[in-house]
Amino acid sequence: MTKSASVTANKTAMPLAIIGLGCLFPQAGSLNEYWTNIRRGVDTISDVPLTHWSPEDYFSEDPSTPDKTYGRKGGFLSPVQFNPMEFGILPNALEAIDSSQLLGLIATQQALNNAGYTVDREFDRTRISTLLGVTGATEMVIPLGARLGRPIWRQAMLDSGIPEQVADEAVERIAEGYVPWQENSFPGLLGNVVAGRIARHFDFGGTNCVVDAACGSSLSALHLAALELESGRSDMVVTGGVDTFNDIFMYTCFSKTPALSPEGNAKPFDANGDGTILGEGLGVLVLKRLEDAARDNDKIVAVIKGLGTSSDGKGEAIYAPNAKGQVEALRNAYRLAQVSPETVEMIEAHGTGTKVGDAVEVRALREVFGDATSPWCALGSVKSQIGHTKAAAGAAGIVKAALALHHKVLPPTIKVTEPLPAVVEGDTPFYINTEARPWLPKNAHPRRAGVSSFGFGGSNYHVVLEEYARDRSETVWDGEVQILAFSAESSTGVLQKVQALDTSVVWDELREQARETRESFSATDTCRLLWVTEPGSERLERQKNTIVQMLTAEEVPSCWEAPDGIYWSQCSGSPKTAILFPGQGAQYPGMLQDLANQFPEFLKAVSEAHLRLEKKADLAGTLFPPPSFDTTTKKAQVSNLTRTEMAQPALGAVSIGAYHLLKRFGVQGDLFSGHSYGELVALCAAGAYNPETLSRLSRLRGELMAGDGADLGTMLAVALPLEEIDAFLQQENLDLVLANRNTPEQGVLSGTREAIVKAEEILKTKGARCTRLDVAAAFHSPLVEKAAEPLLKALQDGPFQSPAAPVFSNTLGEEYPADTYRSMEVLAGQLARPVQFVKQIEAMYKAGARVFIEVGPGSRLAGMAKRILGDRPHRLISLDGSSGRRSGVFELAKVLGLTASLGHPIRLQDWDPATDAHPGGAKPGLTVEICGANY
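Model, not experiment: these values are computed from the prediction.

Draft legend 1. A look at the overall build of the protein. Tallying secondary structure elements over the protein gives 34 helices and 30 strands in all. A compact globule built from 935 residues would reach a C-alpha radius of gyration of about 30 Å, and the protein, at 32 Å, matches this within 12%. Across its three principal axes, the protein shows a C-alpha extent of roughly 110 × 75 × 60 Å. Per-residue burial for the protein yields a buried fraction of 60% across its 935 residues. Long-range contacts, defined here as pairs at least 24 residues apart, represent 79% of the contacts in the protein between residues at least 6 apart. Surface accessibility of the protein: about 37,100 Å² in total, with carbon and sulfur atoms responsible for 50%.

As structure tokens, this is what we get:
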């Protein structure tokens, strides 16, 4: 026995591949909708719908009221279209079949389609098993069992003096309120038939059963699936969890424990959490052995490295959580996975929202993960968004974590306003992630996540997941931002197309209309109208009315735009486009993270910069820091990113990533420039050197500008005409330079701190508006001249070549010279020489630039260019025009809309392309609406 135990303890788990996912969760009828809701932090909790039960009949605020519940909110499935004939079910049998069996077919169909094992594909079905987590019986048991109370009802009425005939009639009327017994009732109420119907319909010949470990059922089924694959009994397993049991019976069960939140909100790991809230859902996974999946060229979403299990043994109560048991499951998981907890950066916890349960879980996690000098692991629970889906809870967490690894996004946990002290006190490795953030990689190990699920009776499960591919390859479109594109040879032709658009339809139908407009759009047509919009019938109608008024005006303008994303042009030709990159001062924590969360080109650029600099700096933690709950931490995060050695590499990473993203859609710069540090990015974008060189130069430049601890002065922004600032400097004879000539009405002084303080005092007495800049040195002044020589040497180390497109210099106020060495001298010397931004923009305008796109965080340069160019014909737009206050995807769409309206060949067909994925299982024919409640 000792030898056997030793062999088991040293065993390593066989890695398994998740090759397909399907799910139905509250307000999510498909995998994409579920991930979109998670990423966007959507709260899907609602009042109990009429399809389920009536709070008027069963609700009481007093938890002790017999046969009543103090809960009346939860997570409920939206109805899906179900065609019974598609799944070999007679329509008249629907009311005898529990919805969990019907919806299980749809979720499995989704998962198989997602895995590429579609109906028309030939594969060996004899070695496919179906193992699902389903708790106890199904909801169908309750109404069928209730009918058996006839004798009790009748006797009670007779005992009350009601005549026998009246009592018999009343009994029949009560019985009519429940579904009747029929031939299909027995299999229709059995939990195991959830798996049985799936195996039967899809003709799977392997093991077919369900497992019940209460709220740990999903991961219990996953555990059996792993054993099935490891033993070689199956080559593929359909597994996961199914739970649509959200009727009054289930609410009463949780009310009398009691475990429900009186407030009606599950707030996992929040200091004010007061209980859980119930949800319903289905999560289905398709698993194969990793080596088999790789051999068969399957799409691998994530890898299961190990799964740990344990039982609590003796405890305080059968339903009480036990830290000792959870610790054992965690340690088993990491031992089997041969993975250190220190490499796990996300924990999708059981996290029900009960104070005791959450505190016990955190205590167990901290015992296994140990102490840390700073938090590095995001802790959360999807129950904050969908509720506790019981038998499907583990599946909900696995699907969430697998998608997080696949898409390289750390997903949020919502409703946390003050973290539970057990999470954040002391040297904790954990933090609560409250917003979707890019999950940047590490050189030392792949991205990894852990998922926990625990069930009444002391069942504990923990799964270790790992990414399969380091880079994300696909864009996940949620359809929330649409570009409508209209073109014709006349304004009347465009008007007719706009008027034909039906803005009264539901958003999904408008999304299809938008795709059709983009496919038919032609950049070569004389008249072009681009319209960027988001859901909301009032917004759509208002925008449409604005467009119609413009197109029916007595004189239709040649070029016109509305601030909410409408662009019109009937100008011939496509004007030259100038790309502007911002410099230090534009940065802010979380800049452009929406784009990194959604687009692989952007994430790849930022990730590569992070990996190159990882030994010197934590670009991930500085650029996309964990959410903070206090102003002190927030200020520290801003301050950390202000340091030149961090600010410049961070700016370079996001700016070049953003330009790569624009190029994906066909936005190409004809001319390039940057402000101060931004000039390094401009040269990279124009092809003078590669992104690796940009990262190296950015870090070096930042370190040089930071100095070696010596006081290198500071800077002062002054709102005065440039000639007045020049006159002031001559008059006062201060040791200052006009370092930035930003606009005709604004400049920045640079010099010693003493001189800056004196200049500020004098200028304020003259009524000038001045702002001290939070910088490490007097940039673009002789005080930083020492930095030029080492920067020039780094440039000579190369590679550096002539850019493929003109780049305009801050120092010269004109195009970079053709001579490569002279160009390097200009760039190195730029550190200590004034920025001639006014002259620079004027030179670009003279060279033909009429469209200026600011690429990077903020919109300062666009504002400055506007003041320089005045009323002359030009168009200005910033990729981050709202500085992060609104959707980055919306801002990107506006850039594409403007450039397409001007006749540039933008690849609009790449925006939210149509897919063949169908959220439900229904095909045309006889369909009925199925939700969590029985039909």
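Draft legend 2. Inspection of the pattern of salt bridges at higher detail. In the structure shown here, the tally under the stated rule is 40 salt bridges. The partner of Arg511 in a salt bridge is Asp912, and the shortest N-O contact between them spans 2.8 Å. On the criterion of sequence distance, the pair formed by Arg511 in helix α19 (residues 507–520) and Asp912 in the loop between α34 (888–901) and β30 (928–930) is long-range, its members being 401 residues apart. Pair check on accessibility: Arg511 and Asp912 agree, each one buried. Taking the shortest distance from any N to any O, the salt bridge between Glu760 and Lys764 comes out at 3.2 Å. Separated by 4 residues within a single helix, Glu760 and Lys764 lie in helix α29 (residues 753–765), roughly one turn from each other. The exposure class assigned to Glu760 is buried, which follows from its relative accessible area of 11%. With a relative accessible area of 47%, Lys764 lands in the partly exposed category.

Draft legend 3. Representation of the sheet that holds strand β23 (residues 714–719) in the model. The antiparallel open sheet is built from 4 strands, whose spatial order is β24-β25-β23-β26. Both outer strands of the open sheet, β24 (736–743) and β26 (769–773), are each paired with one neighbouring strand and no more. The average angle at which neighbouring strand axes cross in this sheet is 25 degrees, direction not considered. Its contacts with the sheet put α29 on β23, β24, β25 (746–751) and β26, and the angle it makes with β23 is roughly 20 degrees.

Draft legend 4. Examining a nonpolar patch on the surface more closely. Where nonpolar side chains cluster on the molecular surface, the patch consists of Met85, Leu90 and Leu926 and spans about 310 Å² of accessible area. By the element assignment, Met85 lies in the loop between β4 (80–82) and α4 (99–115).

Draft legend 5. Quick peek at the confidence of the model for the protein. Taken over all residues, the pLDDT of the protein has a mean of 93, while the share at 70 or more is 97%. Counting contacts from residues 1–9, a segment whose pLDDT is below 50, to residues more than four positions away or on other chains yields 1 contact. Low pLDDT, under 50, characterises residues 917–922; the predicted model gives this stretch 16 contacts beyond four residues in sequence or across chains.

Draft legend 6. View of the side chain of Lys383. Secondary-structure assignment places Lys383 in helix α15 (residues 383–386). Despite being buried, Lys383 has no salt bridge partner; Glu348 is the closest side chain of opposite charge, sitting 5.8 Å away.

What counts, and at which threshold
Residues numbered from 1 in each chain as written. Predicted model: local features only at pLDDT ≥ 70, side-chain atom pairs only at ≥ 80, totals over all residues. Heavy atoms only, no water. Helix = DSSP H or I, 4+ residues; strand = E, 2+ residues; numbered from the N terminus. Rg over C-alpha atoms; globule rule 2.2 N^0.38 Å. Buried < 20%, exposed > 50% of the residue type's maximum accessible area, 1.4 Å probe, protein only. Contact = heavy atoms within 4.5 Å. Areas by Shrake-Rupley, 256 points an atom, 1.4 Å probe, with all protein chains shown as cover. Salt bridge = Lys/Arg side-chain N within 4 Å of Asp/Glu carboxyl O. Pairing = 2+ DSSP bridges. Axes fitted to C-alpha atoms, helices over the stretch in contact; angles between N-to-C directions. Patch = residues over 30% accessible without salt bridge, like charges linked within 9 Å, V, L, I, M, F, W, Y side chains within 5 Å. pLDDT = per-residue confidence, 0-100. Lys, Arg positive; Asp, Glu negative; His and termini not counted.

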